[in-house]
Amino acid sequence: MSSSEIFISETIGTAVLILMGGGVCAAVTFKRSKAFNAGWVAIAFGWGFAVLTGAYIAAKSGAHLNPAVTIGIALKGGIPWSEVPVYFAGEFLGAMIGAVLMWLVYYGQFRAHLTDPEVLAGHNGEEGMVDPAAAPKAGPVLGIFSTGPEIRHAVQNVVTEIIATTVLVLAILTLGLSDNGKGVGVIGTLLVALVVTGIGLSLGGPTGYAINPVRDLGPRIVHALLPLPNKGGSDWGYAWIPVVGPLIGGALAGGIYQMAFA
């Protein structure tokens, strides 16, 4: 495959992943959504199906959709290191595009939610508009775009992301690479989606399981840039954890594979 084909495939696949994954978070969050309060199980399965759909669409490039996966496959020898930046670029751009598309789908719900006095009072501790100077680090809709911890403890949070991502990438590597050597095959894609769902249900509680640097960073940047009223902060103080943790996890999984299975 040419670099442009890899880039386009990963961009489109990752955009669909974030559109659907962010979409289930929005559907569960907004009071004016038919899926309001559907709960964590709906989110875990929604992200699993999002992975499944995006991965099938991006099958041509191996459907990494995740820099941590790209690193693990490169360490396994599935792709040359010269292709890694191309994968990263497509994944990052796709994540931002997917976040914007999700915002367009839920445009009316965003406006209703962020101008609802009850929502603002509950989030900011006072009636009226959110004061940017007094707003909490995470705005009232940031959780739709990116992840955040239930208990803010940097060491625990980054270790959680490392462990969860190691499980994901090790599962992908041990499933075996497809004939083109770039990713898992058709059945493997379904199994990976089930693994992602399982990680969400079992390991996702502490941090919201980013397990993918661009899944968190791309939409977080979109949150910061979009003209959302009363959106509050983007919690940049936490943003390094769902980037660094998954990258370490991907590299760790590649190392474990080389030592134990190669």
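Computed from a predicted model, the values in this text were never measured in an experiment. (Residues numbered from 1 in each chain as written. Predicted model: local features only at pLDDT ≥ 70, side-chain atom pairs only at ≥ 80, totals over all residues. Heavy atoms only, no water.)

Turning to the overall build of the chain, a few remarks are in order. Counting secondary structure elements, the chain contains eleven helices and zero strands. Secondary structure elements of the chain, listed N to C terminal, follow the sequence α-α-α-α-α-α-α-α-α-α-α. Here the chain has a C-alpha radius of gyration of 18 Å; the compact-globule value for 262 residues is 18 Å, and the two agree. Taken along the three principal axes of its C-alpha coordinates, the chain extends 60 × 35 × 30 Å. Within the chain, the proportion of its 262 residues that are buried is 53%. (Helix = DSSP H or I, 4+ residues; strand = E, 2+ residues; numbered from the N terminus. Rg over C-alpha atoms; globule rule 2.2 N^0.38 Å. Buried < 20%, exposed > 50% of the residue type's maximum accessible area, 1.4 Å probe, protein only.)

By volume, the largest pocket is sized at about 1,000 Å³. Sorting the residues of the lining of the largest pocket by element identifies helix H1 (3-29), helix H2 (40-57), helix H3 (67-76), helix H6 (117-124), helix H7 (142-145), helix H8 (154-175) and helix H9 (186-203) as the ones contributing at least two each. Ranked by residues supplied to the lining of the largest pocket, first place goes to H2 with five residues. Broken down by class, the residue content of the lining of the largest pocket amounts to 27 nonpolar, 18 polar and four charged. (1 Å grid on protein atoms, 1.4 Å probe; cavity = no way out; pocket = protein on both sides within 12 Å on 5 of 7 lines; lining within 4 Å. Points joined across faces, edges and corners; volume = space filled by probe spheres on them. Nonpolar A, V, L, I, M, F, W, Y, C, P; charged D, E, K, R; others polar.)

Let's shift gears to the side chain of Asn 230. Mapped onto the secondary structure, Asn 230 falls in the loop between helix H10 (213-225) and helix H11 (241-260). Within the local environment of Asn 230, its side chain forms a polar contact with the backbone oxygen of Leu 114, the two atoms lying 2.8 Å apart. (Polar contact = N/O pair within 3.5 Å; in protein donor to acceptor, adjacent residues only side chain to side chain.)

We now examine the pattern of salt bridges. Under the counting rule described, the total for this entry stands at five salt bridges. Its salt-bridge partner being Lys 31, residue Asp 116 comes within 2.6 Å of it at the nearest N-O pair. Highlighted residues: Asp 116 in the loop between helix H5 (107-114) and H6 and Lys 31 in the loop between H1 and H2, separated in sequence by 85 residues. For Asp 116, a relative accessible area of 17% puts it in the buried group. Linking Arg 220 and Asp 216 is a salt bridge whose minimum nitrogen-to-oxygen distance equals 2.8 Å. Here the residue Arg 220 and the residue Asp 216 both occupy positions in helix H10, the gap between them amounting to four residues, near one helical turn. Here the two residues Arg 220 and Asp 216 agree in accessibility, since each one is buried. Connected through shared salt-bridge partners, Lys 31, Asp 116 and Glu 118 make up one network. (Salt bridge = Lys/Arg side-chain N within 4 Å of Asp/Glu carboxyl O.)

Now for empty space enclosed by the protein. The tally for this structure, following the rule as stated, stands at one cavity of 30 Å³ or more. There is about 30 Å³ of room inside the largest cavity. Taken together, Ile 18, Gly 22, Trp 47, Met 102, Ile 144, Phe 145, Arg 215 and Pro 219 make up the lining of the largest cavity. At the level of elements, H1, H7 and H10 are the ones that each hand at least two residues to the lining of the largest cavity. Its residues assigned to classes, the lining of the largest cavity shows six nonpolar, one polar and one charged.

Just distances and angles here, no functional claims.
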